[in-house]
Amino acid sequence: MNIDLVLQNSLFFGSLLSLALSLLILASLYLNAEMWLGDYPPDIQEKYGDMGEKAKSQRIVVGILFFVVAIGIIILSTARLLEALGGEAQFLELFLNTFIMLLFFNLVDLIILDWLIFVTIQPSFIVLPGTEGMAGYKDYRFHFIAFLKGLLLIIVVSLTTAGITLLVQSL
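Read on for an overview of the structure.

Conventions adopted
Residues numbered from 1 in each chain as written. Predicted model: local features only at pLDDT ≥ 70, side-chain atom pairs only at ≥ 80, totals over all residues. Heavy atoms only, no water. Phe/Tyr/Trp six-rings, centres within 6.5 Å; stacked < 30°, edge-to-face > 60°. Helix = DSSP H or I, 4+ residues; strand = E, 2+ residues; numbered from the N terminus. Buried < 20%, exposed > 50% of the residue type's maximum accessible area, 1.4 Å probe, protein only. Salt bridge = Lys/Arg side-chain N within 4 Å of Asp/Glu carboxyl O. Axes fitted to C-alpha atoms, helices over the stretch in contact; angles between N-to-C directions. Parallel < 35°, antiparallel > 145°, perpendicular 65-115°, else oblique. Left-handed = near helix turned anticlockwise from the far one by under 90°. Contact = heavy atoms within 4.5 Å. Expected span 1.5 Å × (residues − 1). Polar contact = N/O pair within 3.5 Å; in protein donor to acceptor, adjacent residues only side chain to side chain. Nonpolar A, V, L, I, M, F, W, Y, C, P; charged D, E, K, R; others polar. Core = buried A, V, L, I, M, F, W, Y, C linked by side-chain atoms within 4.5 Å.

## Description of the packing of aromatic side chains
Alright, step 1. Counting across every chain of the model gives nine aromatic pairs.
Alright, step 2. Arranged with centres 5.2 Å apart and planes meeting at 75 degrees, the rings of Y40 and F118 form a pair that is edge-to-face. With Y40 in the loop between α1 (3-32) and α2 (42-48) and F118 in helix α4 (residues 91-121), the pair connects residues that are 78 residues apart, well separated along the chain. Neither Y40 nor F118 differs from the other in exposure class; each is buried.
Alright, step 3. Plain terms: the ring middles of F66 and F105 are 6.3 Å apart, the flat faces sit at 65 degrees to each other, and that makes the pair edge-to-face.

## A word on the pattern of salt bridges
Side chains that carry opposite charge are capable of pairing whenever their charged atoms lie near each other.
Alright, step 1. On inspection of all chains with the given rule, the structure shows two salt bridges.
Alright, step 2. Taking the shortest distance from any N to any O, the salt bridge between D39 and R59 comes out at 3.4 Å. In this pair, D39 sits in the loop between α1 and α2 while R59 sits in helix α3 (residues 53-84), placing the two residues 20 residues apart along the sequence.
Alright, step 3. Since its relative accessible area comes to 40%, D39 is described here as partly exposed.
Alright, step 4. Note on R59: relative accessible area 31%, which makes it partly exposed.

## Details of unusual backbone geometry
Alright, step 1. The backbone of Q122 shows a phi angle near 50 degrees, a positive value even though the residue is not glycine.
Alright, step 2. Mapped onto the fold, Q122 is located in the loop between α4 and α5 (140-170).
Alright, step 3. A relative accessible area of 22% means that Q122 is categorised as partly exposed.

## Description of the packing of α3 against α5
Alright, step 1. Between α3 and α5, the least distance of the axes is 12 Å, while the angle of their chain directions is 50 degrees. One element, α3, and the other, α5, form an angle in the oblique class. Considering only the axes of α3 and α5, their crossing is right-handed. Counted together, I74, T78 and L82 of α3 and V157, T161, T165 and Q169 of α5 form the full contact between these two elements.

## Overview of α5
Alright, step 1. Across its 31 residues, α5 extends 45 Å between first and last C-alpha, which sits within 8% of the 45 Å expected from 1.5 Å per residue.
Alright, step 2. By the burial criterion, the buried members of α5 are H143, F147, G150, I154, S158, T161, A162 and T165.
Alright, step 3. Buried-residue contacts for α5 involve α3 and α4.
Alright, step 4. At the N-terminal boundary of α5, the capping side chain belongs to D139, with an oxygen 3.2 Å from the backbone nitrogen of R141.

## Quick notes on the packing of α4 against α5
Alright, step 1. With their axes 8 Å apart at the nearest point, α4 and α5 run at an angle of 160 degrees to one another. By the angle between their directions, the pair α4 and α5 is classed as roughly antiparallel. Crossing angle aside, the handedness with which α4 passes α5 is right-handed.
Alright, step 2. Across the contact of α4 with α5, the residue classes tally to 21 nonpolar, nine polar and one charged.

## Observations concerning the nonpolar core
Alright, step 1. L17, L29, W36, Y40, L128 and Y137 are the most contacted members of the largest nonpolar core, which totals 41 residues.
Alright, step 2. Within the residue set of this core, elements represented by two or more residues are α1, α3, α4 and α5.
Alright, step 3. Excluding anything up to four places from it in sequence, L29 contacts W36, Y40, F125 and I126.

Dropping the structure here:
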């Protein structure tokens, strides 16, 4: 196993993924934070009420864009790793490549987007109307639990990516 190559590749693409998705998240929050209502702490969701139709439509568009960017970068990363390894990779190399890349984004999301920007800096465009000053805006624990849930998704996606890549590689 070539751990140095896997680390180099996954950290490069993890940085690219983090930059792209962070910009998408921040831009969409600035456009209309309501489309992220489902990701806000429960007290804020309850106080704010239901998401409007406009925000629901915008959330679908942003969700598709988020998915396309994430899958595209995962595919690019996997293709680049395979190329660097001479066209063949072991399951663990493929798993770790995706796992480290997604873990990097999950950490950026937790530390920079959630804890630093959402909880600490808290720009006005993040605060939903009528929810100013609520406890949820200072809830570090809520975001840490979301990070832990993200770890489970990362494991599933990494196992799936490695498995699909090995299947395609064997054809």
